[in-house]
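What the coordinates show
Below are the chains, spelled out letter by letter.
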Amino acid sequence: MVGAITHDRPPAAEGRQGGPLIVTEDAELLDDLLRLCAAAGARPEVHHGVPERRGTWEAAPLVLVGDDAARRVRGAARRRGVVLVGRDQDDSGVWRRAVEIGADHVLMLPDGEQWLVDRIADVAEGVGPPALTVGVLGGRGGAGASTLACALAVTSAREGRRTLLVDADPLGGGLDVLLGGEAAEGLRWPAFAASHGRVGGGALEESLPEVHALRVLSWDRGDSVAIPPQAVRAVLAAARRRGGTVVVDLPRRVDEGVAEALAQIDLGLMVVPADLRGIAAAARVAAVVGMILRDLRVAVRGPYAPGLDDREVARLLGLPLVGEVPVESMALDGGAPPGGAARGPLARFCTALWQRLPAEGGGV
């Protein structure tokens, strides 16, 4: 059970990050709260009463007061973000004690565990705009979508943004391979197959391989090629909460997992070869993807069939044009990744695209 109490008082300082402050002497309750903090990826500070160190009570992003400690914190400064935590569902006096300490919420365990994990994760990760999430897919096979996705991620990271590259195509061969990071240590998609509910954004980021100053969520070399939709939803939501940019390499088919990914994408880029077959295939892909993704744009890749240019390709598809994707040679064996040469044509294309888009913020 979770209940809210409304107060009219000045807000505490915002924008802070860190774990909650726990106030209790109940060993069993403390064990539960520490377990929930661990699930949210937060490190709490524990006290038996109001902390003696000046400012600790006021500065904590969230205060969890055990029902046993309500009397001991009654004289503490009033602030937002105080939760009174108890176990006795039939104790009507808990609401009176919550008002006495200025609590925003009353929470009863175990019923309120998921709500509390979500709240702890929010404050531990800090408050900020969500990541600008860009999905890249091919209008047909071999269009070069994975190359563009990698180049976008590499250029984003080079410009100093927190960047996560997500490989949502289990049959694509692995973006970690394309980046030359297949041996990098870290978790791959199968490790998150059982995820549901809330995934800590910081814990996700730290668990993934780091290649070329960005984090990569790709596939291992095993047989698993399917991730449950709820896991896709949880992982991408966690990635977006960290801010910066998230680039998702999408397959052309749309199953339940891909639909979950599309629902969290702000902008879609469809790479279309400039020939009639490519345009015909891309029209079918756009019809399906467009039912979920509101903002889908065309990136055209040459060479061009007679009578075609990038504007004509976009006109035939009825979609906005972002430009022509340049082709550049790559040497993966010890060479630069896609977009790795800062002065190369592909990197310049990606850099110009990022400059036209907001640096972050969940919308364009």
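Residues numbered from 1 in each chain as written. Predicted model: local features only at pLDDT ≥ 70, side-chain atom pairs only at ≥ 80, totals over all residues. Heavy atoms only, no water.

1. Description of the side chain of Arg140
Tracing the chain through its elements places Arg140 in the loop between strand E7 (132-138) and helix H5 (145-158). By relative accessible area, Arg140 is classed as buried at 19%. When sequence neighbours within four positions are dropped, the list of residues in contact with Arg140 reads Arg252, Pro273, Asp275, Arg277, Gly278 and Ala281. (Helix = DSSP H or I, 4+ residues; strand = E, 2+ residues; numbered from the N terminus. Buried < 20%, exposed > 50% of the residue type's maximum accessible area, 1.4 Å probe, protein only. Contact = heavy atoms within 4.5 Å.)

2. With respect to the pairing of strand E10 (residues 214-217)
Regular strands show a simple pattern: their side chains alternate between the two faces of the sheet. On E10, burial covers both faces: Leu214 and Val216 on one face and Arg215 and Leu217 on the other are all buried. In terms of strand pairing, strand E8 (residues 163-167) meets E10 through three bridges, oriented parallel. Residue pairing for E10: Leu164 is matched across the bridge by Arg215. As judged from the two bridges shared by strand E9 (residues 210-211) and E10, these two strands associate in the antiparallel manner. Bridge pairing in E10 places Glu210 opposite Arg215. Hairpin connection, E9 to E10: the antiparallel pair is bridged by two residues, and His212 has positive phi, about 55 degrees. (Pairing = 2+ DSSP bridges.)

3. Digging into the confidence of the model for the protein chain
Of the residues in the protein chain, 90% reach a pLDDT of 70 or more, and the chain-wide mean stands at 88. Low confidence marks residues 6-16, where pLDDT is under 50. Its contacts with residues over four positions away, or in another chain, come to 14 contacts. Taken as a whole, residues 359-364 scores under 50 in pLDDT and shows 28 contacts with residues more than four places along the chain or in a different chain. (pLDDT = per-residue confidence, 0-100.)

4. With respect to a nonpolar patch on the surface
A cluster of nonpolar side chains, contributed by Val288, Met291 and Ile292, occupies part of the molecular surface with about 280 Å² of accessible area. Along the chain, Met291 turns up in the loop between helix H10 (276-289) and strand E13 (296-301). Under the relative-accessibility criterion, Met291 is labelled exposed at 67%. (Patch = residues over 30% accessible without salt bridge, like charges linked within 9 Å, V, L, I, M, F, W, Y side chains within 5 Å. Areas by Shrake-Rupley, 256 points an atom, 1.4 Å probe, with all protein chains shown as cover. Salt bridge = Lys/Arg side-chain N within 4 Å of Asp/Glu carboxyl O.)

5. Some details on unusual backbone geometry
For the bond from Leu109 to Pro110, the omega torsion is 5 degrees, close enough to zero to count as cis. Mapped onto the elements of the fold, Pro110 is located in the loop between strand E6 (105-108) and helix H4 (113-125). The step from Gly302 to Pro303 runs through a cis peptide bond, and the omega angle for that step is 5 degrees. Inspection of the secondary structure puts Pro303 in the loop between E13 and helix H11 (310-317). The backbone of His212 sits at a positive phi, close to 55 degrees, despite the residue not being glycine.

6. Concerning the packing of aromatic side chains
Evaluation of the coordinates by the stated rule reveals one aromatic pair. Here Trp189 and Trp219 contribute two aromatic rings whose centre-to-centre distance is 6.1 Å and whose plane-to-plane angle is 35 degrees, an arrangement assigned as tilted. Within this pair, whereas Trp189 is found in the loop between helix H6 (175-178) and helix H7 (201-207), its partner Trp219 is found in the loop between E10 and helix H8 (229-241), the two being separated by 30 residues in sequence. Classification of Trp189 by relative accessible area gives buried; the value is 3%. (Phe/Tyr/Trp six-rings, centres within 6.5 Å; stacked < 30°, edge-to-face > 60°.)

7. Description of the environment of Asp91
Turning to its location among the elements, Asp91 is positioned in the loop between strand E5 (82-86) and helix H3 (93-101). The exposure class of Asp91 is partly exposed, given its relative accessible area of 23%. Distance from Asp91 to Asp26, taken between C-alpha atoms, is 17 Å for residues 65 residues apart in sequence. With near-sequence residues (within four places) excluded, Asp91 lies in contact with Asp67 and Arg97.

8. Observations concerning the packing of helix H1 (residues 27-39) against H4
At a closest axis distance of 8 Å, the pairing of H1 and H4 adopts a crossing angle of 55 degrees. Accordingly, the angle class assigned to the pair H1 and H4 is oblique. H1 and H4 meet at a crossing whose hand is right-handed. Between H1, through Leu33, Arg35, Leu36, Cys37 and Ala39, and H4, the contact on the second element is made entirely by Glu113, Leu116, Val117 and Ile120. (Axes fitted to C-alpha atoms, helices over the stretch in contact; angles between N-to-C directions. Parallel < 35°, antiparallel > 145°, perpendicular 65-115°, else oblique. Left-handed = near helix turned anticlockwise from the far one by under 90°.)

9. Regarding the pairing of E6
Every second residue of E6 is oriented toward a common face, with His105 and Leu107 on one face and Val106 and Met108 on the other, all of them buried. Considered for its hand, the β-α-β crossover made up of E5, H3 and E6 is right-handed. (Right-handed = clockwise from strand over helix to strand, strands pointing away.)

10. Regarding the sheet that holds E7
Pairing in this open sheet of eight strands is mixed, and the strands run E9-E10-E8-E11-E7-E12-E13-E14 from one edge to the other. Each end of this open sheet is capped by a strand with a single partner; those strands are E9 and strand E14 (321-324). Contacts from H10 reach E7, strand E12 (267-273) and E13, with the element oriented near 160 degrees to E12.

11. Looking at H4
With 13 residues, H4 ought to run about 18 Å at 1.5 Å a step, and its terminal C-alpha atoms sit 18 Å apart, in line with that. Taken as a whole, H4 has its buried residues at Leu116, Val117, Ile120, Ala121, Val123, Ala124 and Glu125. Buried-residue contacts for H4 involve H1, strand E4 (63-66), E6, H7 and H8. (Expected span 1.5 Å × (residues − 1).)

12. A closer look at the nonpolar core
The biggest cluster of nonpolar side chains holds 42 residues, and the ones touching the most others in it are Trp189, Leu250 and Met270. If you list the elements that add at least two residues to this core, you get E8, H8, strand E11 (245-249), helix H9 (256-263), E12, H10, E13 and H11. If near-sequence neighbours (up to four positions away) are discounted, Trp189 is found in contact with Val166, Asp167, Leu217, Ser218, Trp219, Ile227, Val232 and Val235. Ranked by size, the runner-up nonpolar core spans 33 residues in total, among them Leu132, Val134, Val136 and Leu357. (Core = buried A, V, L, I, M, F, W, Y, C linked by side-chain atoms within 4.5 Å.)

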